[in-house]
Amino acid sequence: MKGWILPKNSLSYWLRQLRKDSDLIGPLRTPDGDIVFESVEKIHEIVLDPPASLPSVKEFFLPQYETVFVFKTDTVRPIQEKRKRVIFGLRSCDVAALRLLDRFFLDSQPDPYYSERRKNTLLISVVCNRPDPTCFCVGIGAGPYLKEGFDIQLTDLGDRYMVEIGSPRGRRAVREYSFVFQRPRKTDLEDQFEVQLSSTARFQQRINLEGVRSLILSQRVDEGFWQEVANRCIQCGGCVYVCPLCSCFTVTDRVYQEHIERVRLWDACLFKGFTRLAGGILPNDAPVSRTKRWFYHKLIYYPEGIGGFGCVGCGRCAVVCPSKIDMATVVLNIKRVSENAVSG
Amino acid sequence: MRSVVNIYTPLKGKIEEARELCPDVKLYRVRVPKEVHYYPGQFFMLSLWGYGEVPISVCSLDDTQTLEFTVRKAGFVTSAIHQLQAGDTIWLRGPYGRRFPLEMSYHRDVVVVAGGIGLAPLRAVIQYLLKERRKVKRVTLLYGSRTPDGLLYREEYDTWRASDVKVVLTVDCPSDGWRGNVGVVTTLWHQVEGELREAVAYVCGPPVMIKAALTDLFLLGMPADRIVTTLEAHMKCGVGKCGHCYNDGRFICTDGPVFTYKEIKEWDLTL
Ligand SMILES: Cc1cc2nc3c(=O)[nH]c(=O)nc-3n(C[C@H](O)[C@H](O)[C@H](O)COP(=O)(O)OP(=O)(O)OC[C@H]3O[C@@H](n4cnc5c(N)ncnc54)[C@H](O)[C@@H]3O)c2cc1C
Ligand code: SF4
Ligand code: SF4
């Protein structure tokens, strides 16, 4: 029978073993009550049942700020993080997002920084039993559970986890400690199936990105619609920063007394200076062209270039956007407007 | 997943010559420690530690250990590059981007259309055409600059003319003694001999000029897939990762910077 069973009281033992040669990252509660992914000191502090809209784990592969080279007395040294990591508790949508980023960053001209981190990281994702109201991964095939693409996927069955293995790296992490895992019984599989069904049924939003993509491609969304979206955007960049699939960066040099660091940091296509040319020429000067760029990239071009939508339905942009023009809202509006246009 | 080479590590080059072509433009001849194969239309990221990296087209041909770049002082990094002299170090990585489809010019007339610094990548094209001179028919260079002082590579025109390249110059603001044309480069189509419909065009210059030239050539009957240009965009990586040059589903750095008019007809080039 496929998979393994991990009794919950063995989880901390297993994680402690995995931590021996790796940094363990997991969801922790800050004193303010926020939940963030951080290096775990005390395993019992991991939040085992966090809300689905956790921060994404993007920063562990593409940090918000990272030194890529150090230059000193005429020599260049690339700064490559070699540290091994285990990330526990990330969500299916985040794993799905990483699989897409893999194609983007690794398929041609592989990015050495992303590649090194990905190679050194084991992902232990947890199926969402209770999606948030903002979640819509289910319509995209990016959750609440995955059929493939994960290293190790856990499903919470109450007092135990169903453990599925999806990669050689995942297999090693289970096999080495096989004594804490048990063979699943038929009832375990039934329970897992039950959880999958009930979780899937709990989604409050059913969003079909494919349908919206065709609406846009068949010119059913006019410029006025995008203009309205753009008018509301205050260009804070929040959506870009929280999105597990937004990966644009900028590069700049920092000069210190003895050395120079070349650093790369997150950037956002919604920012006015993003495409600025020498002499201050600004393509995409109009906010509407930037707004369209963001949505078109995710809905039209990502599928063409990468083979999947540039959105996994994590709902994070809906949580941060102060203007209520997040992916789900805009997509649902597109549907409504074009349906009205047809019926009216 | 195996470890991958660091595609962002620049090579250390040595400037052999830094020559001022006009007040804001310098030509650099750079020697690199290992062989580098490149082709007209491609660019390198020139890199100065403490300042940053900028995309610059290669403006020379063939020599795998000495490359030439023409740099206009346009801002932060290019001003720092302008401080460099022969003997100084400059870092570079590349070549990147799509080449000019130069085989297309075989057995055809060729029109090279340039504005200002836009002649830099096209200089490599002209050098290529000179090398393959027997394979191409008539070659016309239409080159416009704001002022006569701004015309680049002036001492090379005679060599080009000697190889039967028709060099037609125009300026916006003539100085005393200027005997060439006055006006924008797109007023010079009548100078091209033969049928534009059958010819090939390579175009580079400021966005407005590119836009006007592409549209004109197309309206004059040249097929859209034989009108070729190279575009500028903000670039931080050169390899399709940073996202800055992304436009309409394509990365200017890896899918371009060379495009045929056919490929970018829908784009608003002067946006
Ligand atoms: C494919 C290609 C080929 C080119 N070929 C040539 C050529 O052959 N010759 C030539 O002269 N030019 C060429 N250019 C144009 C050249 O790359 C620009 O003129 C150059 O990048 C200007 O850089 P700058 O730093 O001097 O200018 P700036 O105006 O200072 O900056 C240029 C860009 O860097 C960003 N920037 C500025 N300051 C910072 C900062 N502190 N931190 C982060 N970002 C910053 C800006 O947003 C701007 O987009 C080419 C461009 C492309 C895309
Ligand atoms: S666009 Fe919004 S919902 Fe989609 S993946 Fe990005 S943050 Fe999540
Ligand atoms: S979060 Fe909302 S307001 Fe902020 S940049 Fe994104 S769309 Fe605009």
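What counts, and where the lines are drawn
Residues numbered from 1 in each chain as written. Chains lettered and ligands numbered in written order. Predicted model: local features only at pLDDT ≥ 70, side-chain atom pairs only at ≥ 80, totals over all residues. Heavy atoms only, no water. Domains from an automatic or database assignment. Contact = heavy atoms within 4.5 Å. Buried area = accessible area lost by both parts, 1.4 Å probe. Salt bridge = Lys/Arg side-chain N within 4 Å of Asp/Glu carboxyl O. Polar contact = N/O pair within 3.5 Å; in protein donor to acceptor, adjacent residues only side chain to side chain. Nonpolar A, V, L, I, M, F, W, Y, C, P; charged D, E, K, R; others polar. Helix = DSSP H or I, 4+ residues; strand = E, 2+ residues; numbered from the N terminus. Near = heavy atom within 4 Å. Areas by Shrake-Rupley, 256 points an atom, 1.4 Å probe, with all protein chains shown as cover.

A. Geometry of the domain arrangement of chain A. Residues and elements named next belong to chain A. Each assigned domain of chain A is listed with its residue range as follows: domain 1 (4-55 + 82-201) and domain 2 (209-240 + 270-343). Here the C-alpha centre of domain 2 lies 30 Å away from the C-alpha centre of domain 1. The interface is formed by 17 residues belonging to domain 1 together with 16 residues belonging to domain 2. Note on domain 1 versus domain 2: buried area summed over both sides is about 1,300 Å², and carbon and sulfur give 67% of it. For the domain 1 face of the interface with domain 2, the top three residues by lost area are L100, F136 and I140, together amounting to 41%. At the boundary of domain 1 and domain 2, one finds 1 salt bridge. A salt bridge links D94 to R316; the nearest nitrogen and oxygen atoms lie 3.0 Å apart. Our count for the domain 1 to domain 2 interface comes out at 4 residue pairs in polar contact (both at pLDDT 80 or more). The residue makeup of the side of domain 1 that touches domain 2, split by class, is 13 nonpolar, 2 polar and 2 charged.

B. Structural view of the interface of chain A and chain B. With 44 residues of chain A at the interface, the matching set in chain B holds 37 residues. Summing both partners gives a buried area of about 3,400 Å² for chain A against chain B, and 58% of it is carried by carbon and sulfur. When residues of chain A are sorted by the area they lose upon contact with chain B, Q109, R262 and Y301 of chain A head the list and together hold 17% of the total. Counting across the interface, chain A meets chain B through 2 salt bridges. Notably, a salt bridge pairs D74 of chain A with K12 of chain B, separated by 2.3 Å at the nearest N-O pair. At the junction of chain A with chain B, the criterion picks out 19 residue pairs in polar contact (both at pLDDT 80 or more). For the side of chain A that touches chain B, the secondary-structure elements that each account for two or more residues are β4 (65-72), β5 (75-78), α2 (92-106), α3 (112-119), β10 (249-255), β11 (260-266) and α9 (287-306) of chain A. Examining the composition of the side of chain A that touches chain B, we find that 6 residues originate from one element, α3 of chain A, more than from any other. Residue composition of the side of chain A that touches chain B, by class: 21 nonpolar, 11 polar and 12 charged.

C. Main features of the site of ligand 1. Of all residues adjacent to ligand 1, which total 26 residues, the nearest are R276 of chain A together with P55, T70, R72 and T78 of chain B. Of the chains in the model, those with residues near ligand 1 are chains A and B. Contacts to ligand 1 include P55 of chain B, whose backbone N or O atom sits 2.6 Å from an oxygen atom. Interatomic distance of 2.8 Å between a side-chain N/O atom of H234 of chain B and an oxygen atom of ligand 1. Relative to its unbound accessible area of 960 Å², ligand 1 is 81% covered by the protein chains. Of all the secondary-structure elements, those providing two or more residues to the shell around ligand 1 are β4 (52-57), β5 (66-72) and α1 (76-82) of chain B. It is β4 of chain B that provides the largest number of residues to the shell around ligand 1, a total of 4 residues. A breakdown of the residues in the shell around ligand 1 according to their chemical character gives 15 nonpolar, 7 polar and 4 charged.

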